[in-house]
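# What the coordinates show
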Amino acid sequence: MIKNIPFLLITTLLFSSCSKEEKPAIAFYYWRTIFKLSSLEKETLVNNNVQKLYIRYFDVDFDQKTNECFPLAPIHFNDKPSNFSVVPVIYIKNRVMLSNKLNIPDLVKKINDYIGQINTKNKIEIHEIQIDCDWTLASKDNYLKFIDLFKKSNKTLLSATIRLHQVKYFEKTKIPNVDKGVLMYYNMGKIAPDSLNSIYDKNLADNYLKSLKKYPLPLDVALPIFSWAIHIRNGRVIALKNKINVADLKNDANFVQKTTNNFQVLNSNYKNSTFFKKDDILKIEQISHENLLQMASDLNENFNNNPKEVIFYDLDQFNIQQYEKDIFAKVSAGF
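What counts and what doesn't
Residues numbered from 1 in each chain as written. Predicted model: local features only at pLDDT ≥ 70, side-chain atom pairs only at ≥ 80, totals over all residues. Heavy atoms only, no water. 1 Å grid on protein atoms, 1.4 Å probe; cavity = no way out; pocket = protein on both sides within 12 Å on 5 of 7 lines; lining within 4 Å. Points joined across faces, edges and corners; volume = space filled by probe spheres on them. Helix = DSSP H or I, 4+ residues; strand = E, 2+ residues; numbered from the N terminus. Nonpolar A, V, L, I, M, F, W, Y, C, P; charged D, E, K, R; others polar. Buried < 20%, exposed > 50% of the residue type's maximum accessible area, 1.4 Å probe, protein only. Contact = heavy atoms within 4.5 Å. Pairing = 2+ DSSP bridges. Axes fitted to C-alpha atoms, helices over the stretch in contact; angles between N-to-C directions. Polar contact = N/O pair within 3.5 Å; in protein donor to acceptor, adjacent residues only side chain to side chain.

Before going further, it helps to examine the layout of surface pockets. For the largest pocket, the calculated volume is near 820 Å³. Lining the largest pocket are 26 residues, and of these Y186, N187, F226, W228 and Y313 sit closest to its centre. Contributions of two or more residues to the lining of the largest pocket are made by β3 (52-63), α6 (164-168) and α8 (202-209). Residues of the lining of the largest pocket, tallied by class, amount to 12 nonpolar, 5 polar and 9 charged.

You can see W135 is positioned in the loop between β7 (128-132) and α5 (140-152). The buried category is assigned to W135, whose relative accessible area is 0%. Along the primary structure W135 and T173 are separated by 38 residues, whereas in three dimensions their C-alpha atoms are 8.2 Å apart. Ignoring sequence-local partners within four residues, the contact set of W135 consists of N94, K140, Y143, T161, I162, H165, Q166, T173, K174 and P176.

Spatially, the 5 strands line up as an open sheet ordered β12-β11-β17-β14-β13, and their pairing is antiparallel. The sheet terminates laterally at β12 (236-242) and β13 (255-257), the two strands that pair on one side only. Neighbour-to-neighbour, the strand axes of this sheet turn through a mean angle of 25°, independent of strand direction. Bridge count for strand β11 (residues 228-233) against strand β17 (residues 281-285) is 5 bridges, and the pairing is antiparallel. Bridging across to β17, I232 finds its partner in I281.

A few words now on the side chain of S139. The residue S139 is located in the loop between β7 and α5 in this model. S139 sits in the buried class, given a relative accessible area of 0%. Within the structure, S139 has its side chain in polar contact with the backbone nitrogen of T136 (distance 2.9 Å).

The values are spatial; any link to function lies outside them.
Here's what the structure looks like:
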C-alpha cells in the first residue's frame, strides 16, 4: 500500500517523473533546388514520423555595382510537400548585411514577396520562416535591423540559425529578435589540408558548449549527416567536392588510400566531371554514427532545456545511405 512507501521515495519519484521531457521531434533540412523525394527519402520521413521540413527557398546576394539585392537558385517543386509543415529557409550571404548601402525595408519587402509568390504558386501554407545568415560584428547592426523589420512585417513564427561563436560571444554579437534559434552544430573548423575534420571537431566544440547554459534564446539544434572531400593540390585546397563515394574511390585504380581519410591520385584522370592530377589528395570529411551520438550526449549535458526539434542537414539519399535506419531515432533519444 502507498502508506508504507517512504515519503522521500514518493517525492523523488514524483519529481523525476515531472522532470522527464519529451524527446525532440525529428526534422530535416532540404537544400536542393528541385523538391523531389526519392523512395528512400520518403521512407525515412515516414519511419521517423517527420512532420516538418525546413526547405531552402532561395539565397540572397548583393550586387556591388547596382547596390541591389537579388535572389539566387530558387526552389522548384516537382513534388508537393502536402504531408509536411513547410518552413521556408532564406539563406542571406553575409556580404549583403555588410553593405553600407543596403536598403533594409526594400530587402524585407522583396524577400516577403518572393516567399509569397513561391507559396501561392505551389499552394503552400506556412507558419514559420527561418533566416539563415552567419552575421559578424561588422554586419551585426544591419542584420539586427533587418530581423526587427522582418518580424514586424510577418505574423508567422520567425526563427534564425545560430552559430557557436554567436552563442559564446552573444553580449557582443547580440541576439536577434526571433522566436527561437537553431544551433548549427557543424562546420566548426577551417577547410584546410592539415586541419582535423572541419565539419565536426569535438575538441573545438567543447570550448563553446558551456556557453549554452547562459544563452537566453530558446534553441533547437541542427546536426550534420553530410560529407565532402577537400581537393588538395601541392599542399593547397583547390576545391570542395560533395557526395564523394569512398567505396568507389577504394575500387578505382587511379586512387590509393594513404590514411583513413586521405586518398592520393596515382594517375591523372577525370572522375565525376572533375580533373584529378597525379599526386592530388582527396581528404574525406564525414560524420560517423558515433559522432552523432556523441554530439547529442554533449549537447544534452549543456542545454538548459531539451530542444523541441533536432534537424538533420540534409535530406538526401546519398547522405541517408551512409547510416543505419534507426540512427535518427537514436540521436533524438540521446537528448
